[in-house]
Amino acid sequence: MRKIKYDRTEFHAGDESVENDLLSFVYDIPYFGACGIFPPIHIVNTIFLEGGGDGGMSPGAIWTPFEITEKEYEELVEAVKNTPLTNLEGKARYCEIQFEFDPEFDHIIDQFDWLQEVCKKHRENFHKKLDKFEHT
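Small disclaimer: the values here were computed from a predicted structure and weren't measured.

Q: When you look at the state of the cysteines in this model, what are you seeing that I'm missing?
A: Cysteine pairs can be linked by a disulfide, which is a covalent bond between their two sulfur atoms. With the rule as written, the count across this model stands at one disulfide. In this model, C35 is linked to C119 through a disulfide, with the two sulfur atoms separated by 2.2 Å. In this structure the cystine formed by C35 and C119 twists about its S-S bond by roughly 110 degrees; its chirality is therefore right-handed. Here C35, found in the loop between α1 (22-26) and α2 (41-50), pairs with C119, found in helix α4 (residues 111-134); they are 84 residues apart in sequence, far enough to count as distant. Each member of the pair C35 and C119 is classed as buried. Here C95 stays free of any disulfide, with the sulfur of C35 as its closest cysteine sulfur at 19 Å.

This is the structure in structure tokens:
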């Protein structure tokens, strides 16, 4: 799996240069998915081509823009589905809740339209998972 070099940013801490495999990388990007749903390849590549950002007063991640191939996406999806999140501890900041998939929205081209539609359906369930995690 491809390795990605990027900088983790935190509001009150110095940036940290990191090199991670693609799986750890997606779990290290703040707000990568939408309400816990993993994006389709065209949205993934839109995100990757943006190069991230410093997050302002929130955590961020900054990288050199890139795209992945269909084959890399398929490998990434398999890794997301089959890798226990405990394997990502210490590598990624947001590995508390495993991404899920919902192909119902894969036809939506625009990243923000996709995010809005996905969250209309999944927001409540995702917040229940977050609440459960925060109370453990």
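Q: Got a minute to help me understand the packing of aromatic side chains in this structure?
A: Working definition: an aromatic ring pair is given by the centre-to-centre distance plus the angle between the planes. The full count for this structure, using the stated rule, is twelve aromatic pairs. Ring centres of F25 and F48 lie 5.6 Å apart, and the angle between their planes is 45 degrees; this geometry places the pair in the tilted category. Taken as a pair, F25 in helix α1 and F48 in helix α2 lie far apart in primary sequence, 23 residues in all. With respect to burial, F25 and F48 carry one shared label: buried. A centroid spacing of 5.0 Å and a plane angle of 85 degrees characterise the contact between F25 and W63, whose relative ring orientation is edge-to-face. Of the two residues, F25 sits in helix α1 while W63 sits in strand β4 (residues 60-63), which places them 38 residues apart along the sequence.

Q: Before we go on, may I ask you to explain the pairing of strand β1 (residues 3-10) in this structure?
A: A regular strand carries its side chains on alternate faces of the sheet. Bridging between β1 and strand β2 (residues 13-21) involves seven bridges; their strand directions are antiparallel. Note that in β2 the partner of I4 across the bridge is N20. Hairpin connection between β1 and β2: a loop of two residues separates the two successive antiparallel strands.

Q: What is the right way to look at helix α3 (residues 70-82) in this model?
A: Residue pairs spaced three or four apart in an α-helix point in one direction, given the helix's 3.6 residues per turn. Across its 13 residues, α3 extends 18 Å between first and last C-alpha, which sits within 8% of the 18 Å expected from 1.5 Å per residue. Listed in full, the buried residues belonging to α3 are E72, Y73, L76, V77, A79 and V80. The buried residues of α3 occupy an angular sector of 165 degrees when projected down its axis, which confines them to one face. In this structure, α3 carries K71 and N82 as exposed residues pointing more than 90 degrees from its buried face. Where the residues of α3 are buried, they touch α1 and α2.

Q: Explain the sheet that holds β4 here, please?
A: Hydrogen bonding along the main chain pairs the strands of a sheet, whether they run parallel or antiparallel. Judged by pairing direction, the sheet is antiparallel, and its four strands sit side by side in the order β2-β1-β4-β3 without closing on themselves. The open sheet is flanked by β2 and β3 (52-53), the only strands paired with a single partner.

Q: What exactly am I supposed to notice about the side chain of D21 here?
A: Tracing the chain through its elements places D21 in strand β2. Among buried Asp, Glu, Lys and Arg side chains, D21 stands out as unpaired, with K91 the closest opposite charge at 4.2 Å. Here S24 takes part through its backbone nitrogen, which lies 2.8 Å from a polar atom of the side chain of D21. Look past the residues within four positions of D21 in its chain and what remains in contact with it is M1, R2, K3 and K91.

Q: Would you explain α2 in this entry?
A: The set of residues buried in α2 consists of I41, I43, V44, N45, I47 and F48. Just downstream of α2, G51 is the residue with a positive phi angle, here 80 degrees.

The rules behind these values
- Residues numbered from 1 in each chain as written.
- Predicted model: local features only at pLDDT ≥ 70, side-chain atom pairs only at ≥ 80, totals over all residues.
- Heavy atoms only, no water.
- Disulfide = S-S within 2.5 Å.
- Helix = DSSP H or I, 4+ residues; strand = E, 2+ residues; numbered from the N terminus.
- Buried < 20%, exposed > 50% of the residue type's maximum accessible area, 1.4 Å probe, protein only.
- Phe/Tyr/Trp six-rings, centres within 6.5 Å; stacked < 30°, edge-to-face > 60°.
- Pairing = 2+ DSSP bridges.
- Expected span 1.5 Å × (residues − 1).
- Arc of directions from axis to C-beta.
- Contact = heavy atoms within 4.5 Å.
- Lys, Arg positive; Asp, Glu negative; His and termini not counted.
- Salt bridge = Lys/Arg side-chain N within 4 Å of Asp/Glu carboxyl O.
- Polar contact = N/O pair within 3.5 Å; in protein donor to acceptor, adjacent residues only side chain to side chain.

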